[in-house]
Amino acid sequence: MQSSNKIDVRREKMLDVIQRSPVTTINELAEFFSVSAETVRKDIESLDEQDLIIRIHGGVAPKVSTGSEKSYDIRYAENLEKKKAIAEAACSMIRPGDSVIIESGTTMQELAKVLTGRPELLQTLTIITMSFRVVEILKDSNFEKVFFLGGWIRKDDYMSYGHHTIELLKDFHADKAFISCAGLNAKLEVTDYFDEEVMLRRQILKSCDKSILLADSSKMNKTTILSVCSAKDIYRLITDKECSKTMTDLFSQNHINYKLV
């Protein structure tokens, strides 16, 4: 049996390894420290209990401060099955012939994938997006009309942004817009990290008849640095069934149109 001191030293070194990379897999840690995957899971559980790391599907990521955003790859790996379910529910709201704004974000990426599996619907749609990921997914599909909003490039999020993007968006008015957020707090404020994304999202709300917020339960009861709008300004919220009763009661009390999947 290993001594507690030896275990503590390994976990301290493991934390250092985790903090060097956006994502580290369990197998990589097991190989690096010459221990079993089960031992790594126990170490990860201990580090997670100390709030030192973030557990994601198949591995771990370093903890970030509340004033900064995780990398795109980390966000994509987190709660992936929930995002897929949310994307399916979002797609069910799209009707043949709709014009649709699809914002940037990891759940939007899943929505684009769902649409590629429905070619008979996709070929009737007009899609407006600022997401390179969405365009990349759609490029080999049976799409009919896709407009990419140009502008400055945020390479970390694979999207365009800024004044020029917003000005292009002002030329459109869509039937529906699918938007994301970094947090939705107990004051029902939709929040995010970056000024330019907040301004872009506010214009999206002006440029559509119905806005649909796609946000998994990890975003609930969470506040980030900037306020986008009130959830009361959103036509519908789609989240997953792990959303707390505290939040769903709050939605009901404030007549927020929401769906759990």
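Per-chain numbering applies: the sequence of each chain, read as written, is numbered from 1 onward. Local features in this predicted model are restricted to residues of pLDDT 70 or higher, and side-chain atom pairs are both shown and tallied only at a pLDDT of 80 or more, whereas totals for entire chains, interfaces and linings draw on every residue. Note that the side-chain values use all heavy atoms of the structure and ignore hydrogens as well as water.

**What about the pattern of salt bridges?**
Formally: One side-chain nitrogen of Lys or Arg within 4 Å of one carboxyl oxygen of Asp or Glu is enough to make a salt bridge. Segments assigned H or I by DSSP are reported as helices when at least four residues long, segments assigned E as strands when at least two residues long, and all are numbered from the N terminus. Between buried and exposed lies partly exposed: a residue is buried under 20% and exposed over 50% of the maximum accessible area for its type, with that area taken using a 1.4 Å probe on protein chains only.
Applying the stated criterion across every chain, the model contains 18 salt bridges. Residues D43 and R10 are paired through a salt bridge, measuring 2.7 Å at the closest nitrogen-oxygen approach. Taken together, the residues D43 in helix α3 (residues 37-49) and R10 in helix α1 (residues 4-18) connect sequence positions 33 residues apart. Per residue, the accessibility class of D43 equals that of R10, and both read buried. Among the ionic pairs, E242 bridges to K82, the shortest N-O distance being 3.0 Å. Highlighted residues: E242 in the loop between β14 (236-239) and α11 (245-253) and K82 in helix α5 (residues 80-91), separated in sequence by 160 residues. Of the residues examined, E242 reaches a relative accessible area of 57% and is grouped as exposed. What emerges from the salt-bridge pattern is a single network uniting E103, R154, D157, D192, E196, E197 and R201.

**Focus on the side chain of S160**
Put simply, the test is: A 3.5 Å cut-off defines polar contacts: any pair of N or O atoms within that distance qualifies, except that in protein one atom must be a possible hydrogen donor and the other a possible acceptor, and neighbouring residues in sequence count only when both atoms are side-chain atoms.
In this structure, S160 sits in strand β8 (residues 159-161). Residue classification places S160 among the buried residues on the basis of a relative accessible area of 0%. Among the polar contacts listed, one links the side chain of S160 to the backbone oxygen of L149, at a separation of 2.4 Å.

**A closer look at the sheet that holds strand β13 (residues 226-230)**
Heads up, the rule is: For two strands to be treated as a pair, DSSP must find no fewer than two bridges joining them. The contact criterion used throughout is that any non-hydrogen atoms of two residues lie within 4.5 Å. Only the stretch in contact is used when a helix axis is fitted, and all axes are lines through C-alpha atoms; the angle between N-to-C directions ranges over 0 to 180 degrees.
On the basis of which strands lie adjacent, the open sheet formed by three strands has the order β10-β11-β13 and antiparallel pairing. Either end of the sheet is taken by a strand with one partner, and the two such strands are β10 (183-184) and β13. The sheet contact formed by β10 and strand β11 (residues 189-192) spans two bridges and is antiparallel. Looking across to β11, one finds that G183 is bridged to T191. The strands touched by helix α10 (residues 195-206) are β11 and β13; relative to β13, the strand with the most contacts, the crossing angle is about 10 degrees.

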